[in-house]
Amino acid sequence: MLNRRLFITSAAAAFVSGCVSARQPLPQPAGPTYKGQRISPEYLQMYRAMPEERFPIPAVDLTKIDPAYYRRLVDYPSSEPTGTIIVDTPNRYLYLTMENGKAMRYGVGIGRAGFEWGGKARIQYKKEWPTWTPPAEMIARQPELEEFRNGMAPALDNPLGARALYIFEGGRDTLYRVHGSSEYWSIGKAVSSGCVRMLHQDIIDLYNRVPNGTPIIVRQA
């Protein structure tokens, strides 16, 4: 009788234990994730906060950006000279060509319909924490910008962000820029007034890699 009770008790315990085990949640990735995929510490460091900047830059919330648009070194055979900026508008990427068929690739936001620009030009000059002056045509479309006709002071919410590269074509200012933006949600989308926008951390990286006079090609197709 004792052995029978011991068997029943043991079987019941095993059954309960089995149920508890079956209901235990699956192990979750440590640290932040994007759609369930763990974000590499490499990228968390790449897009860290930058308190050393004139206007401290917060870390990027990478849980809200498709990893396809994180900065990375990629294979990119090109007939263009090393050190050329190529904006692949349809795919929302900016490439900086490098030696041995490589390129540094960045995710970007581009101009919305009706505000696209394409062609070959040069980065005439570049600025840290630039003043933003909206073109007269933009003020005409958006009268609320009138207060910035003579320029908007540098700041995190300044539309040009932490850095700007000024695009000139044939010695003439195109009024288009490659610049930083706090609007991380716009990366990978067509939302700007023709400029090429990047995460602050990415535009700082690009700014440090390219000199004045750098050729730039903006491809619309």
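Scroll up for the structure.
Note that the structure is a prediction, hence the values are computed from the model and not measured. (Residues numbered from 1 in each chain as written. Predicted model: local features only at pLDDT ≥ 70, side-chain atom pairs only at ≥ 80, totals over all residues. Heavy atoms only, no water.)

(A) Looking closely at the sheet that holds strand E8 (residues 119–128). Strand order across the open sheet formed by nine strands is E3-E6-E5-E4-E13-E8-E9-E10-E12, with mixed pairing between neighbours. For this open sheet the edge positions go to strand E3 (72–75) and strand E12 (196–199), each flanked by a neighbour on one side alone. Ignoring which end each strand starts from, the neighbouring axes of this sheet average 30° apart. When strand E4 (residues 85–88) meets strand E5 (residues 93–97), the two strands line up antiparallel, connected through four bridges. Counterpart to Ile86 in the pairing with E5 is Tyr95. The sheet contacts of helix H4 (residues 200–209) involve E4, E5, strand E6 (102–107), E8, strand E9 (163–169), strand E10 (172–181) and E12, and relative to E12 the element is tilted by about 105°. (Pairing = 2+ DSSP bridges. Helix = DSSP H or I, 4+ residues; strand = E, 2+ residues; numbered from the N terminus. Axes fitted to C-alpha atoms, helices over the stretch in contact; angles between N-to-C directions. Contact = heavy atoms within 4.5 Å.)

(B) Expanded view of the packing of aromatic side chains. For the structure shown, the criterion picks out nine aromatic pairs. Ring geometry for Tyr125 versus Tyr166: centroids 4.6 Å apart, planes at 20°, classification stacked. Of this pair, Tyr125 sits in strand E8 while Tyr166 is found in strand E9, placing the two residues 41 residues apart along the sequence. For Tyr125, a relative accessible area of 28% corresponds to the partly exposed category. (Phe/Tyr/Trp six-rings, centres within 6.5 Å; stacked < 30°, edge-to-face > 60°. Buried < 20%, exposed > 50% of the residue type's maximum accessible area, 1.4 Å probe, protein only.)

(C) Spotlight on the nonpolar core. Of all hydrophobic cores here, the largest spans 28 residues; its most connected members are Ile85, Leu94, Leu165, Val178, Leu206 and Ile216. Apart from the residues lying within four places of it in its own chain, the contact partners of Leu206 are Ile85, Leu94, Leu96, Tyr106, Leu165, Val178 and Met198. By size, the runner-up hydrophobic cluster in this structure holds 18 residues, among which are Tyr34, Tyr43, Val60 and Leu62. (Core = buried A, V, L, I, M, F, W, Y, C linked by side-chain atoms within 4.5 Å.)

(D) Structural context of the environment of Arg92. The residue Arg92 is located in the loop between E4 and E5 in this model. Remark: the alpha-carbon pair of Arg92 and Val108, spanning 16 residues in sequence, is separated by 5.3 Å. Every residue in contact with Arg92, bar those within four places of it in the chain, is listed here: Tyr69, Tyr106, Gly107, Val108, Ile110, Gly188, Lys189 and Ala190.

(E) Focus on unusual backbone geometry. The phi angle at Arg92 is positive, at roughly 65°, despite the residue not being glycine. One non-glycine residue, Trp129, lies in positive phi territory at about 40°. Judged by relative accessible area, which is 4%, Trp129 ranks as buried.

(F) A look at the pattern of salt bridges. This structure, assessed with the given rule, holds eleven salt bridges. Between Arg71 and Asp205 there is a salt bridge, and its shortest N-O distance comes to 3.4 Å. A residue pair is termed long-range when its members are at least 10 positions apart, and Arg71 in the loop between helix H2 (41–46) and E3 and Asp205 in helix H4 qualify at 134 residues. We note that Arg71, like Asp205, is buried. Taken together, the shared-partner salt bridges in this structure form one network comprising Arg71, Asp202, Asp205 and Arg209. (Salt bridge = Lys/Arg side-chain N within 4 Å of Asp/Glu carboxyl O.)

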